[in-house]
Amino acid sequence: MRLLSLRPGRGANLLLPAIPFILLILAYTIGSAVRHAGNPDDKLLPGLDALVAAVQRVAFSPDKRTGEYLLWSDTLASLTRLCAGLAIATVTSCVIGLTVGLLPYLRVLLTPFIAVLSMIPPLAILPILFIMFGLGEASKIVLIVIGIAPFMTRDLALRVSELPAEQLIKAQTLGATTWQILTRVVAPQMMPRLIDSVRLSLGAAWLYLIAAEAIASESGLGFRIFLMRRYLAMDVILPYVAWITFLAFLFDFILRRLQGGLYPWFAGARAK
Amino acid sequence: MRLLSLRPGRGANLLLPAIPFILLILAYTIGSAVRHAGNPDDKLLPGLDALVAAVQRVAFSPDKRTGEYLLWSDTLASLTRLCAGLAIATVTSCVIGLTVGLLPYLRVLLTPFIAVLSMIPPLAILPILFIMFGLGEASKIVLIVIGIAPFMTRDLALRVSELPAEQLIKAQTLGATTWQILTRVVAPQMMPRLIDSVRLSLGAAWLYLIAAEAIASESGLGFRIFLMRRYLAMDVILPYVAWITFLAFLFDFILRRLQGGLYPWFAGARAK
Amino acid sequence: APKKEFKLAWSIYVGWMPWQWADETGIVKKWADKYGIKIDVVQFNDYVESINQYTAGAFDALTVTNMDTVAVPGVGGVDSTAVIIGDFSNGNDAVILKDKTSLKDVKGQKINLVQFSVSHYLLARALDSIGLKERDVTVVNTSDADMAAAFATPEVTAVTTWNPIVSEILKRKDAHNVFNSSQIPGEIMDLAIANTKTLEDNPDFGKALAGIWYETMGIMSANTPAGEAAREAMGKASGTDLAGFESQLKTTRMFFTPGDATAFAKSAALPKTTKLVNEFLFEHGLLGDNAKSAEVIGVKFPDGSVFGDPNKIGLRFVTTYMDSAAAAAKN
Amino acid sequence: MTTISLQNVWKEYEGKVVLEKLSLEIAPQSFVALVGPSGCGKTTFLRMLLSEETPTRGRILIDGAPLAPEPTVDRGVVFQRYSVFPHLTVTENVLLGKEFAQSKFLGMLYGKARRKALEEADALLAEVGLTGAASKYPAQLSGGMQQRLALAQALITRPKILLLDEPFGALDPGIKADIHVLMLRLWKETKMTVVMVTHDLSEAFRLGTRVLVFERKENSALEPDRFGATITRDIDVWPPKHAAWATPAGKKTPTH
Amino acid sequence: MTTISLQNVWKEYEGKVVLEKLSLEIAPQSFVALVGPSGCGKTTFLRMLLSEETPTRGRILIDGAPLAPEPTVDRGVVFQRYSVFPHLTVTENVLLGKEFAQSKFLGMLYGKARRKALEEADALLAEVGLTGAASKYPAQLSGGMQQRLALAQALITRPKILLLDEPFGALDPGIKADIHVLMLRLWKETKMTVVMVTHDLSEAFRLGTRVLVFERKENSALEPDRFGATITRDIDVWPPKHAAWATPAGKKTPTH
Ligand SMILES: Nc1ncnc2c1ncn2[C@@H]1O[C@H](COP(=O)(O)OP(=O)(O)OP(=O)(O)O)[C@@H](O)[C@H]1O
Ligand SMILES: Nc1ncnc2c1ncn2[C@@H]1O[C@H](COP(=O)(O)OP(=O)(O)OP(=O)(O)O)[C@@H](O)[C@H]1O
Ligand SMILES: NC(N)=O
Ligand SMILES: [Mg+2]
Ligand SMILES: [Mg+2]
């Protein structure tokens, strides 16, 4: 049989995916053991016991100073920023992307500008952003927005312009105004695509969130990781990284579910 | 007429795109003038003369200490890293993505692992990267690779699995082995898609490059920006940002050209 | 013009942790209320960004070193006044070598440090002390957040950095402290500065800052349970614990009383240090590209004398506010 | 009672003549079938009738008045594909024309107005045989059902003219036969003027009252860009099945 | 001389019976047309012949030997779409079978071997009327040309059996007629056994020597999952046009 046509059975389907994770954990455990053999105080690859203790400390016991459970208050702070950033970026890119994609005048006016915007590395203009938007939550949210909105806008405008011309003509022959075409024909078809676009941007959003929190902040997952980096406290950093990874997964999952649930027509239409 | 059907004429087509840029420059000039009226030494929004002088200094006169032309040596250093990172990420994701997409066993084995990898925020695990890859060029390149390769691999594996089953069966009835299918049917069709994937990842690659150079480095565009940030030398930072934006554009343009030139069949096949 | 709301930017460093503690325990509000103003204490995770924001005018006051005051706001045309001299680094900053025990071994090495920071200055002074020049070594710009991890990599053999990273790195057996700021006492000062113009218009702001600071100093320096609790809280907030924080305090020459600080401000050491710092900045091109000498920026001392250009003062050392705090304490 | 007349209409694209010297009167309630080789300009002709393109020379009049400069509600259209909206159910697709007309801002009807419009939509859906699929999305329909839906959708606005561009080109033969019957019935009931482009001659003669053949002249092979296609044959189909006369008075008249 | 025989073949998907009790002998060089309602399992039947699916019960034999467990070079296939490779030119698409056979590692032929293979490919292209399009990519071809190409591509390996799943379903009627003629000619020349699925009855009778009708039994409406489709009619087409006998001896025999 060709390798190509060999399909794993039911057991293999459950077992195989676990293997790389098991290997990773094994490699970590060995690496940690080796380092601790050389230096019992090694902080870079803490043993599993140290990790568990750290998780216990940050997630399940109140911080002595503030009485808060660090992991949860950090998570709350970060997620608030992330969601605000995503929401603003989504709304902005929705409004601009839809109109730019649909209206020829706007398309000509803004397409090159948005293309240039989306190429500017936001990290490089951080000081200006901070001056313009202050240092509170606003600037962190703005960094996320600036980081992902131009890409999302471009993507959406492109998808609007990819709508079959037949649809727009048909709508006009049904008597639709530009506004009605926008709200009843174009926008509803773009919603599931917008979700795709948000999913694609999630990684970048996390990145900018972490970068923003690293610079000016008093709480948040990124803040904590940066604070701990100075002390090489990997026992805290690693669980935080795992937690962020899990949250990223969760977001992706929720968005996919949302797409399927809210737009049942989309899977069929996309398949074509 | 509906707004939707109004199309700008030839003149407007040339003029309109310039407007947002002109407005931006205008806003900057006014902002700069206002700040300089309050403080003639303001460094945040340097005047056009200061920008020109800075460009003259970094691009066209040798550095006093090293005798190098800073902008060019930084560009060379950064582009070397960027290209190395992109090349490694491309080759890796090509090899893994193609085989994972094609071979059911590998697909079951690696898909969840790659998905998890692509969700880990690379900035957060920098200390581990340093230990594993050292602080030299390697770790910078690795950060780029880790930042973009899992995404590219996932994307490519997805696209391979989207190939019509008919093609693979047809190839088998023509007597192809798995290897032949991989090299003659799947890989060639994925090359232009790989270019799409690289284009999509360029922004992230720049971001990771800048982040890596900000952390430990002796040269590079990101290094210079972060060094200059130490004393708010926006007169140097802004031209550097513009230059990076231009380079990003150039890369995108070259990749698009490459795609069209190397894979003439792709535009037609994609349209379907 | 008089205003009512002020913003202070601070970042995580042993000598600046009291600001947050004072804010959390209500000391800031108490003093602000006393003068009928509002003071917003904002934490920065990134020191550089806090200086930039102050320079750009987004903040009225800042915790910063003397050197960075001249190099960034000073060069950027912002005239600042040192409201408080909180401490000077007395071992907090150090040159650390891996496997080598003598500063002389630094020759020819790559040294990781935050370029153009006090670490860079310390290194220059260290090299100076053994007759080497900066060109005898190679400096590699490295973010302070990653210095500890950097030192753990094989190819990094020398770093210059500050606390808490210094104590973190010195926990390693192969790390050796070969030169530190206790060998150049008083040269790296940690200040709370404020925009001179703002201060002149609102002297109450300066008085409030000084009041806050010395009330806090009184509590944290005390060998009482309250003092220990304060120190533990500050340690926690900076990511360490009581022991870690106290070991950092040991290498910091804190001026717990206004008198200590004013005595230091009036000492003859200050103009000498200023000259060294400005020359360092000039040599590294940090005084602007048009600078002809180390004297393009002026630094004014409590006695009214000025180093450098009196028409372009970047930093003023005064005792006004610390004196008023001392006076208030007596009443 | 809609007459379409073309007076010496030419269409060029950047110097390339696509259609030339079209002069034509289309009588009210006729069913004109347009055939011709691929690329000869049939779609271009339809696009001009839709106001999507303007003639380079000549004029097009509807009932003596010049065409509106953009697509309007008096000219319905069905394309070979993409005629229906994938995000709307069958019923919603048909309702859309009503909603556009009656709800300028929201483009949506509620309450009584919606119930009234729904009645009309349901009647039309019954007419095209889609009652059972009312709550499905287009992607769940077969090709033939999608084209029925496109017809119903176009008809709800009661266009005076219906333009069809190879509407049944992608359908299976069996399904095609069914939909031909439907098409003829709808045309007779609604008394529209229909212009249909097709590749299929037998379809043209089966449905049309008049078949127009577009072709380029002989000499166009030598100078391909200089000469466009024009009407080379104009055939009245026998037996006549003109809507107005074919439907005996008193027989079921359309409800819309 | 290839006989296909099915012995009591059943196919179920998770308890749902799709095909049942298929017993069948397909004589060498016959052209079997398979018709039946949508979803009755025609494609499933073809997939079993391709070894893409295995019967749940029963066996399939080719010349008395069980089917290989995966698609092999002795069974060619043409689908309705996606049969040709978009990234290869017409010539390259046809050459591919040769390259797979002769160049195990690279899958590419060079020099003399390539020239020899090219001759064969060109001859086949001439046969299907694609000589002029040799250097085009599939996206540049019309639907009819793409299916001709798919045929040529499948034929270069000289399969003993050719399986076709609605190969001409998406084509225009005029083009379809042409390709029918071509198909019959190729079948006669190559002496393959052909099994073709189609929706179009007239196509089935025009091309097939034998028409099989797949259908579900009456009672299957009540318990839809319990009963699958089976062969309800098996018609020998008159007049016989069996390849071996229809081609007079001595007349042009296939060169490949
Ligand atoms: N926007 C345009 N710009 C330039 N040329 C065009 C444009 N639209 C159509 N043409 C040309 O006009 C000619 C007629 O095209 P049209 O689509 O009307 O043909 P058709 O008769 O509908 O063909 P088919 O039967 O293939 O649909 C073609 O040669 C086409 O290339
Ligand atoms: N992999 C599968 N898993 C489960 N059910 C399947 C699978 N493949 C096909 N079926 C079911 O088997 C039945 C027959 O499908 P098949 O595609 O063979 O029909 P068909 O006769 O080719 O239809 P059409 O004419 O529409 O192509 C259908 O009900 C289908 O849903
Ligand atoms: N402020 C420092 N680094 O002493
Ligand atoms: Mg057409
Ligand atoms: Mg089928």
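The structure displayed is predicted, hence computed values, not measured ones.

Draft legend 1. Structural context of the overall build of chain D. Helix and strand counts for chain D come out as seven helices and 10 strands. With 256 residues in all, chain D has 53% of them scored as buried. A fraction of 72% describes how many contacts in chain D between residues 6 or more apart in sequence connect residues 24 or more apart. Surface exposure of chain D reaches about 11,500 Å², of which carbon and sulfur atoms provide 56%.

Draft legend 2. Up close: the overall build of chain A. A tally of helices and strands in chain A yields 12 helices and zero strands. Ordered by position from N to C terminus, the α and β elements of chain A give α-α-α-α-α-α-α-α-α-α-α-α. A compact globule built from 272 residues would reach a C-alpha radius of gyration of about 19 Å, whereas chain A, at 24 Å, exceeds it by more than 25%. Principal axes of the C-alpha set define a box for chain A whose edges measure 75 × 65 × 30 Å. Contacts in chain A between residues at least 24 apart in sequence constitute 71% of all its contacts with a sequence separation of at least 6. Approximately 11,300 Å² of chain A is accessible, and the part contributed by carbon and sulfur atoms is 72%. Taking the 24 positively charged and 15 negatively charged side chains of chain A as two groups, their mean positions are separated by 10 Å.

Draft legend 3. Structural context of the nonpolar core. Residues Trp19, Ile39 and Phe317 of chain C are the most contacted members of the largest nonpolar core, which totals 296 residues. In terms of residue count, the dominant contributor to this core is helix H9 (residues 178–215) of chain B (20 residues). Here Trp19 of chain C is in contact with Leu8, Trp10, Val28, Val41, Thr63, Ile84, Ala192, Leu209, Ile212 and Trp213 of chain C, once residues within four sequence places are set aside. Membership of the second largest hydrophobic core comes to 43 residues, among which are Val84, Leu130, Ala133 and Ile179 of chain E.

Draft legend 4. Structural detail: the site of ligand 1. All names here are of chain D. The local shell around ligand 1 consists of Tyr13, Lys16, Val18, Ser38, Gly39, Cys40, Gly41, Lys42, Thr43, Thr44, Glu166 and His199. Note that an oxygen atom of ligand 1 is positioned 2.9 Å from one of the backbone N or O atoms of Gly41. Here an oxygen atom of ligand 1 and a side-chain polar atom of Thr44 are 2.5 Å apart. Burial of ligand 1 by the surrounding chains reaches 64%, relative to a free accessible area of 630 Å². When residues of the shell around ligand 1 are traced back to their parent elements, those giving at least two are strand E2 (16–26) and helix H1 (42–49). A total of three residues in the shell around ligand 1 trace back to one element, the largest contributor, which is H1. Considered class by class, the residues forming the shell around ligand 1 number three nonpolar, six polar and three charged.

Draft legend 5. Seen up close, the relation of the copies chain B and chain A. Between chain B and chain A, the superposition needs a rotation of 180 degrees and an axial shift of 0.0 Å, giving an RMSD of 0.2 Å. The transformation just described matches what one would write down for a two-fold rotation axis. The C-alpha atom lying nearest the rotation axis in chain B is that of Ala204 of chain B; the distance is 3.7 Å. Most of the interface of chain B is mirrored in chain A, where 95% of its interface residues are also at the interface.

Draft legend 6. Region of interest: the packing of helix H4 (residues 70–102) of chain B against H9 of chain B. Axis separation between H4 of chain B and H9 of chain B bottoms out at 7 Å; the angle between their running directions is 140 degrees. For the element pair H4 of chain B and H9 of chain B, the recorded crossing hand is right-handed.

Draft legend 7. A look at the confidence of the model for chain D. All names here are of chain D. Looking at chain D as a whole, the pLDDT averages 85, with 89% of positions reaching at least 70. Across chain D, the secondary-structure element scoring lowest on mean pLDDT is helix H7 (residues 243–246), at 47, and the one scoring highest is helix H2 (residues 90–102), at 95. Low pLDDT (under 50) marks residues 244–256, which in the prediction has 14 contacts with non-local residues, meaning those over four places away or in another chain.

Draft legend 8. Spatial organisation of helix H11 (residues 242–250) of chain C. Residues and elements named next belong to chain C. For H11, the set of buried residues is Leu242, Gly244, Phe245, Gln248 and Leu249. The arc enclosing the buried residues of H11, seen along the axis, measures out at 165 degrees, which places them on a common side. Among the exposed residues of H11, those oriented more than 90 degrees off its buried face are Ala243 and Lys250.

Draft legend 9. Summary view of the packing of aromatic side chains. Evaluated as defined, the whole model comprises 24 aromatic pairs over all chains. Geometrically, the ring pair formed by Phe255 of chain C and Phe264 of chain C is tilted, given 5.2 Å between the ring centres and 35 degrees between the ring planes. By relative accessible area, which is 2% here, Phe255 of chain C ends up buried. A connected cluster of aromatic rings, assembled from ring pairs, spans Trp72, Trp243 and Phe246 of chain A. The cationic tip of Arg229 of chain A hangs over the ring face of Phe226 of chain A; the distance from NZ or CZ to the ring centre is 4.1 Å.

Draft legend 10. Local environment of the side chain of Thr198 of chain C. Residue and element names in this part refer to chain C. Residue placement: Thr198 occurs in helix H8 (residues 196–201). Judged by its relative accessible area of 14%, Thr198 falls in the buried class. Apart from the residues lying within four places of it in its own chain, the contact partners of Thr198 are Lys3, Phe6 and Asp60.

Draft legend 11. Expanded view of the arrangement of the chains. Where the eight pairs of chains in contact are concerned, the greatest contact count is recorded for chains A and B. At the level of C-alpha atoms, the two units chain C and chain E stay apart, their nearest approach being 44 Å.

Draft legend 12. A look at the site of ligand 2. Residues and elements named next belong to chain E. Taken together, the neighbourhood of ligand 2 is formed by Tyr13, Lys16, Val18, Ser38, Gly39, Cys40, Gly41, Lys42, Thr43, Thr44, Glu166 and His199. At 2.8 Å from an oxygen atom of ligand 2 is found a side-chain nitrogen or oxygen belonging to Lys42. Note that an oxygen atom of ligand 2 is positioned 2.5 Å from one of the side-chain N or O atoms of Thr44. Among the elements of the structure, strand E2 (16–26) and helix H1 (42–49) are those that each provide at least two residues to the shell around ligand 2. Along the lines of polarity and charge, the residues of the shell around ligand 2 split into three nonpolar, six polar and three charged.

Draft legend 13. Geometry of a nonpolar patch on the surface. A cluster of nonpolar side chains, namely Phe246, Leu250, Phe253, Ile254, Leu258 and Leu262 of chain A, defines an oily patch on the protein surface of about 530 Å² accessible area. Secondary-structure assignment places Phe253 of chain A in helix H11 (residues 234–262).

Draft legend 14. Up close: helix H2 (residues 18–38) of chain B. Here H2 of chain B is 21 residues long and its end C-alpha atoms lie 31 Å apart, about the 30 Å a rise of 1.5 Å per residue gives. Along H2 of chain B, the residues that are buried comprise Pro20, Tyr28 and Ser32 of chain B. Looking straight down H2 of chain B, one finds its buried side chains confined to an arc of 105 degrees; they lie on one side. Seen from the buried face of H2 of chain B, the exposed residues on the opposite side, beyond 90 degrees, are Ile22, Leu23, Ile30, Val34 and Ala37 of chain B. On its buried side, H2 of chain B packs onto helix H5 (104–119) of chain A together with helix H3 (48–60) and helix H11 (234–262) of chain B.

The rules we used
- Residues numbered from 1 in each chain as written.
- Chains lettered and ligands numbered in written order.
- Predicted model: local features only at pLDDT ≥ 70, side-chain atom pairs only at ≥ 80, totals over all residues.
- Heavy atoms only, no water.
- Helix = DSSP H or I, 4+ residues; strand = E, 2+ residues; numbered from the N terminus.
- Buried < 20%, exposed > 50% of the residue type's maximum accessible area, 1.4 Å probe, protein only.
- Contact = heavy atoms within 4.5 Å.
- Areas by Shrake-Rupley, 256 points an atom, 1.4 Å probe, with all protein chains shown as cover.
- Rg over C-alpha atoms; globule rule 2.2 N^0.38 Å.
- Lys, Arg positive; Asp, Glu negative; His and termini not counted.
- Charge placed at Lys NZ, Arg CZ, Asp CG, Glu CD.
- Core = buried A, V, L, I, M, F, W, Y, C linked by side-chain atoms within 4.5 Å.
- Near = heavy atom within 4 Å.
- Polar contact = N/O pair within 3.5 Å; in protein donor to acceptor, adjacent residues only side chain to side chain.
- Nonpolar A, V, L, I, M, F, W, Y, C, P; charged D, E, K, R; others polar.
- Least-squares fit on C-alpha atoms with pLDDT ≥ 70 in both.
- Axes fitted to C-alpha atoms, helices over the stretch in contact; angles between N-to-C directions.
- Left-handed = near helix turned anticlockwise from the far one by under 90°.
- pLDDT = per-residue confidence, 0-100.
- Arc of directions from axis to C-beta.
- Phe/Tyr/Trp six-rings, centres within 6.5 Å; stacked < 30°, edge-to-face > 60°.
- Lys NZ or Arg CZ within 6 Å of the ring centre and 35° of its normal.
- Patch = residues over 30% accessible without salt bridge, like charges linked within 9 Å, V, L, I, M, F, W, Y side chains within 5 Å.
- Salt bridge = Lys/Arg side-chain N within 4 Å of Asp/Glu carboxyl O.
- Expected span 1.5 Å × (residues − 1).

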